[in-house]
Amino acid sequence: MRGKRVIPVLAGLAGLAASGGAHAIAWYFQTPASRMAQDIDMLHQYVMWLIIVIFIGVFGFMFWACYAHRKSIGHKAEEFHENTTVEILWTLIPAIILVVIAWPVTKVVIAQKDTTAADITVKVTGYQWKWGYDYLKGEGEGIRFVSTISTPRDQIEGSAPKGEHYLLEVDNEMVVPVGKKIRVITTAADVVHSWWIPAFGAKQDAIPGFLRDTWFRPEQIGTFRGQCTELCGKEHGFMPIVVRVVSQDDYSKWVGQQEKASAAAGDRPGEMRGAQELVARGEAK
Amino acid sequence: MSAVIDSHGHAHGHDHHHGPRGGIMRWVTTTNHKDIGTLYLWFSFIMFSIGGLMAVGIRLELFSPGLQFIDPDFFNQLTTMHGLIMVFGAIMPVFVGFANWQIPMMIGAPDMAFARLNNWSFWLLPFAATLLVLSFFMPGGAPGVGWTMYAPLTVQMGIGMDLTIFAVHILGMSSILGSINIITTILNMRAPGMTLMRMPLFVWTWLITAYLLVATMPVLAGAVTMTLTDRHFGTTFFNAAGGGDPVLYQHIFWFFGHPEVYIIALPGFGVISQVIPAFSRKPLFGYASMVYATSAIAIISFIVWAHHMYTVGMPVTGQLFFMYATMLVAVPTGVKVFNWVATMWKGSLSFETPMLFALGFLFMFTLGGFTGLVLSIVPVDIQLHDTYYVVAHFHYVMVAGALFAAFSGIYFWIPKWTGRMYDEKLGQIHFWLTLVFFNMIFFVQHFLGLAGMPRRIPDYALMFETWNAISSIGAFGMGLAQLLFLYIVVKCIRSGEPAPQQPWEGADSLEWTHLPTPAPYHTFETPPVLK
Amino acid sequence: MTLREENLRLSRRLAIVALGMFGFGFALVPFYDQICAALGVNSIVKRSEAPRNTQIDASRTVTIELDANAHDLPWRFRPLVNHLTVHPGELATVEYEIVNLRGAPVTGQAVPSYGPQRAGEYFQKLECFCFTQQTLAPGETRRMPVVFVIDPGLPKDVNTIAVSYTFFEVAGRGGKS
């Protein structure tokens, strides 16, 4: 019957996805790597179940009417066409349901905005079409580099087989220690970009000439990938973000290596270079 | 078009019968609301086809990972123009076509209040559409900025951007003039006895939509004009260097943009509110509630705009306010859905093509509305903003919503307009093909968004491959299904079965009860007497 | 009055209104400046007066993170320290250094930005290179101070303020270089 097909199709597709092979068919949020991403997933499921129940209820009525109140089986139309009590009920009850949804959500909204007391502050600058990272405060302060997509052109053009992290790999990854609160300050050098790592549930637009901030606390060691999520021109789809979360020890080691390398390149501490110079450096790499 | 035949349908002795003049000039100079309605409908179908071709181009490139057919710059141009053409060239004009054909007949008026203005409102559109399409052929091509045209990316574009800005101005002017016409007609020209609370709900939804248009189109004009001056005249509205702010553009645009989506949806609600009672053979349930709910939706639509901007970095109080206000709009929308279902409940239902599309609308607009509720939740939106989840959401409400309502209305009213019936069997096939292929395109896009695929990218990571392939196959199917629709309409006009005077048993608005089928060129030159 | 006369009268009135609105658009330019001055809304380049209340709130500290961006300028632009800790009410000075790498004079205007945004209201600058355009000769190095005080009214839950300056090139009319 009409529309009823959607539910078995959905179930079938879900089954397909769950049984997906070595390259699983991604169909849901990426595995959360932070408490915030976990909370977001829970909120989403909470709302989805509520919606599914309401949806089945309402369209249960509709499909029942399609079946039992057909003219072709001789059903005659009744005359009623208004009922104030029912109107009040189906105005108030959805309003109450909305409050029930908004209540747990509000806490998460406020928490997501609380960027205070961060362990490490990293400034992220969006460029057309790459990201710049500047470690501003905390361990690693002074480290700065540009991060550009490293997927080879011939993979994109189809003359070479695509690697596992096609379009989600970069030359210089942002490295952070596990368990620490990382505050990300975003800005941009040209147009609006947006910095996003799905596994952390952190997304923040990067506005040229302005600072914005967000935060994440990675709870797992691993490599997490995201993409620019605001149309920023031709290569908007080709400026990924990669964050590597390591143990505290490995992080200190990485910091040491970065500082040695930058001393060798003659950088002065605390220096901020203009976009032109950074891009030239990045391209020279 | 049977309006060519001036069947002298009015029963008194006035002798001013003259048919419309023939040829091209008839269509250029007509001030007849039926002719102008027809012009809008055909124009919107042409734009729908052009926008649809662009969509097919987009889905062709997205069929598999890698860049195969279209370079990234042209891809951005296609996504931008697909959006602008569909929103301003297809879905808005189709409902203006309905407004023109139906409003005078439904309120017992002989024509629109400003008949000549009506003609100009239409003829602005082909010029604007030409400007839009012409931008592809300019140096630099069409702008690749998304239909939302955010600054400061727009400042980087070539002359195609300026053509687009002028096109948007002209489109806005057409909408504003048309809305003034609609408001004046509805408020001043109802037949005696037709109080506001006796009007068909379709007329109510257009009255409310017209006010929304008058209020918001100038805001869009402001936003694109500021973009124009930032581009060429040294202003810095959206540039921090001069004290401006790119986010200002977003606020101005979305202050227009949110009421805009209700401008698209509300007339569709109106069509459905005519079709469902007709095919349930039962009056619309809760008429007064429907009027209040539609008004509530329109008013609330002005205070929710920043739910499109949760990630720009607004203070948490702002996020909370806009979240609560956006969730609130679910209440009157839910009231409308419940009322439609209650109309069907214990009716005497039949499922001809208009009813099929109306039921498809009901089911899938509600689904889209629910994903809108999911998106209104700020932390969830942080994950889903600018991903394919949003693309899925708005296509459900605008295509499975508004477009299905438009199809429903066309099948419903085409006998009144032409005097001929469409082929019922083919109509049902069109419905099922459209339904299946539509869901194939867009249902899987929810998964893409959840899994993390951003919008407006011509190439994607390997984990998104499967759903993209399915979605693209759906796009080809849906495109072909609309060719069937064209065939059905042309066949109906040329050689359809003559329609009975009352093709739809349960239809009870004035055009069905008081006018012949087909409706004569001039109707209600004397207002009807309503009991 | 005949219908024609009535219509003419209405047209004249409407034309006057239209002309008036057009003139209002032009008048808005000086109006805007005056309204902003009257309401104190031009905080970005507002020079604060020396604080009347010189009470230092020793019960709390605020960390100021300093950031610098040379937007599209051939300048090296950096704060001499990356961050410092102050008490609200306490006068503090930080220095920024700019170096003009181009072989020609370049003029820039610095625009501040704050994270969180609302902290900007409480970041009162007594002296700032952002108040005026800065022209550097070819190869010139310049150090410029920012003298500021954090208003003790800063909300208790804000204990870190990121202060960022972005230098934009001033290239005649139009911000786009």
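Just so we're clear, the structure is a prediction, and the values are computed from it rather than from any experiment.

Observations concerning the overall build of chain C
Each helix and strand counted, chain C has one helix and nine strands in total. Ordering the α and β elements of chain C from the N terminus gives α-β-β-β-β-β-β-β-β-β. Out of the 177 residues belonging to chain C, those deemed buried represent 29%.

Brief notes about the overall build of chain B
Looking only at helices and strands, one finds 16 helices and two strands in chain B. For 531 residues, the compact-globule estimate of 2.2 N^0.38 gives 24 Å, and chain B sits close to it at 23 Å. Taking the principal axes of the C-alpha coordinates as reference, chain B spans close to 70 × 50 × 45 Å. Split into buried and exposed, the 531 residues of chain B put 64% on the buried side. The long-range fraction of contacts in chain B, counting pairs at least 24 apart against all pairs at least 6 apart in sequence, stands at 82%.

Looking at the interface of chain A and chain B
With 77 residues of chain A at the contact, the number on the chain B side is 78 residues. Residue assignment for the side of chain A that touches chain B shows that the elements contributing at least two residues are helix H2 (35–68), helix H3 (84–112), helix H4 (153–157) and strand E7 (202–206) of chain A. Tallied by class, the residues present in the side of chain A that touches chain B amount to 39 nonpolar, 21 polar and 17 charged.

Considering the domain arrangement of chain C
Looking at chain C, the domain boundaries give domain 1 (3–41) and domain 2 (48–169). Once you take the C-alpha centre of each, domain 1 of chain C and domain 2 of chain C turn out to be 41 Å apart.

Overview of helix H13 (residues 388–418) of chain B
Along an α-helix, residues three or four apart share an orientation, since each turn contains 3.6 residues. All names here are of chain B. The largest bend along H13 measures about 40° and falls at Phe412, with the proline Pro415 one to four residues further on. With 30 of 31 residues buried, H13 is to be regarded as a mostly interior element. Following H13 by one or two positions, Gly419 has its phi on the positive side, about 80°.

With respect to the packing of helix H7 (residues 246–280) of chain B against helix H10 (residues 330–344) of chain B
When two helices pack together, their arrangement is given by the angle between the helix axes and the distance between those axes. Residues and elements named next belong to chain B. Direction vectors running N to C along H7 and H10 enclose 20°, while the axes themselves pass 8 Å from each other. Relative to H10, the element H7 is oriented roughly parallel. In terms of crossing hand, the pair formed by H7 and H10 is left-handed. Facing Phe269, Ile272, Ile276, Pro277 and Ser280 of H7, the residues of H10 in contact are Lys336, Trp340, Thr343 and Met344.

Quick notes on the sheet that holds strand E8 (residues 212–216) of chain A
Neighbouring strands of a sheet are bound in pairs by backbone hydrogen bonds; such pairs are parallel or else antiparallel. Residue and element names in this part refer to chain A. Reading across from one edge, E3-E2-E1-E5-E8 is the order of the five strands in this open sheet, with mixed pairing throughout. Both edges of this open sheet fall to strand E3 (144–147) and E8, since each of them pairs with a single strand only. Taking each pair of neighbouring strands and ignoring which way they run, the sheet shows an average axis angle of 25°. Where strand E1 (residues 120–127) meets strand E5 (residues 182–188), seven bridges bridge the pair, whose relative direction is parallel. Counterpart to Thr121 in the pairing with E5 is Arg183.

Quick notes on the pairing of strand E9 (residues 160–169) of chain C
Residue and element names in this part refer to chain C. Taken across its ten residues, E9 has nine buried, putting it largely inside the fold. Where strand E1 (residues 62–70) meets E9, eight bridges bridge the pair, whose relative direction is parallel. Residue pairing across strands places Glu65 opposite Ala162, the latter belonging to E9. With eight bridges joining them, strand E5 (residues 106–115) and E9 adopt antiparallel strand pairing. The residue of E9 that forms the bridge with Pro112 is Tyr165.

Focus on the packing of H2(A) against H3(A)
Residues and elements named next belong to chain A. In contact at an axis separation of 11 Å, H2 and H3 are set at 170° when each is read in the N-to-C sense. In this view, H2 runs roughly antiparallel relative to H3, as classed from their interaxial angle. Residue-level contacts link Met36, Asp39, Leu43, Val47 and Leu50 of H2 to Ile97, Ile101, Pro104, Val105, Val108 and Gln112 of H3. Here the contact of H2 with H3 is built from residues that sort into nine nonpolar, one polar and one charged.

Description of the environment of Thr91(A)
With respect to the helices, strands and loops of the structure, Thr91(A) is situated in helix H3. Sequence separation between Thr91(A) and Leu136(A) is 45 residues; the distance between their C-alpha atoms is 51 Å. Dropping the residues within four chain positions of it, Thr91(A) is found in contact with Val331(B) and Val335(B).

Observations regarding the sheet that holds strand E3 (residues 83–86) of chain C
All names here are of chain C. Strand order in the open sheet formed by five strands is E3-E1-E9-E5-E7, with mixed pairing between adjacent strands. This sheet does not close on itself; its edge strands, each paired only once, are E3 and strand E7 (134–136). Across the sheet, the mean angle from the axis of one strand to that of its neighbour is 30°, orientation sign disregarded. Strand direction decides the pairing type here: E1 and E3, joined by four bridges, are antiparallel. Bridge pairing in E3 links Glu65 to His83.

Examining unusual backbone geometry
Cis geometry marks the peptide bond from Gln128(A) to Trp129(A); its omega dihedral reads 5°. Note that Trp129(A) resides in the loop between E1 and strand E2 (130–137). Cis geometry marks the peptide bond from Thr517(B) to Pro518(B); its omega dihedral reads 5°. With respect to the element layout, Pro518(B) can be found in the segment after helix H16 (510–513). Even without a glycine there, the phi angle at Met149(B) is positive, about 50°. Within the secondary structure layout, Met149(B) lies in the loop between helix H4 (115–134) and helix H5 (159–188). For Met149(B), a count of 24 C-beta atoms within 10 Å translates into the label buried.

Parameters at a glance
Residues numbered from 1 in each chain as written. Chains lettered and ligands numbered in written order. Predicted model: local features only at pLDDT ≥ 70, side-chain atom pairs only at ≥ 80, totals over all residues. Helix = DSSP H or I, 4+ residues; strand = E, 2+ residues; numbered from the N terminus. Buried ≥ 20, exposed ≤ 12 C-beta atoms within 10 Å, placed from the backbone. Rg over C-alpha atoms; globule rule 2.2 N^0.38 Å. Contact = placed C-beta atoms within 7 Å. Nonpolar A, V, L, I, M, F, W, Y, C, P; charged D, E, K, R; others polar. Domains from an automatic or database assignment. Bend = angle between axes of the 7 residues up to and from the residue. Axes fitted to C-alpha atoms, helices over the stretch in contact; angles between N-to-C directions. Parallel < 35°, antiparallel > 145°, perpendicular 65-115°, else oblique. Left-handed = near helix turned anticlockwise from the far one by under 90°. Pairing = 2+ DSSP bridges.

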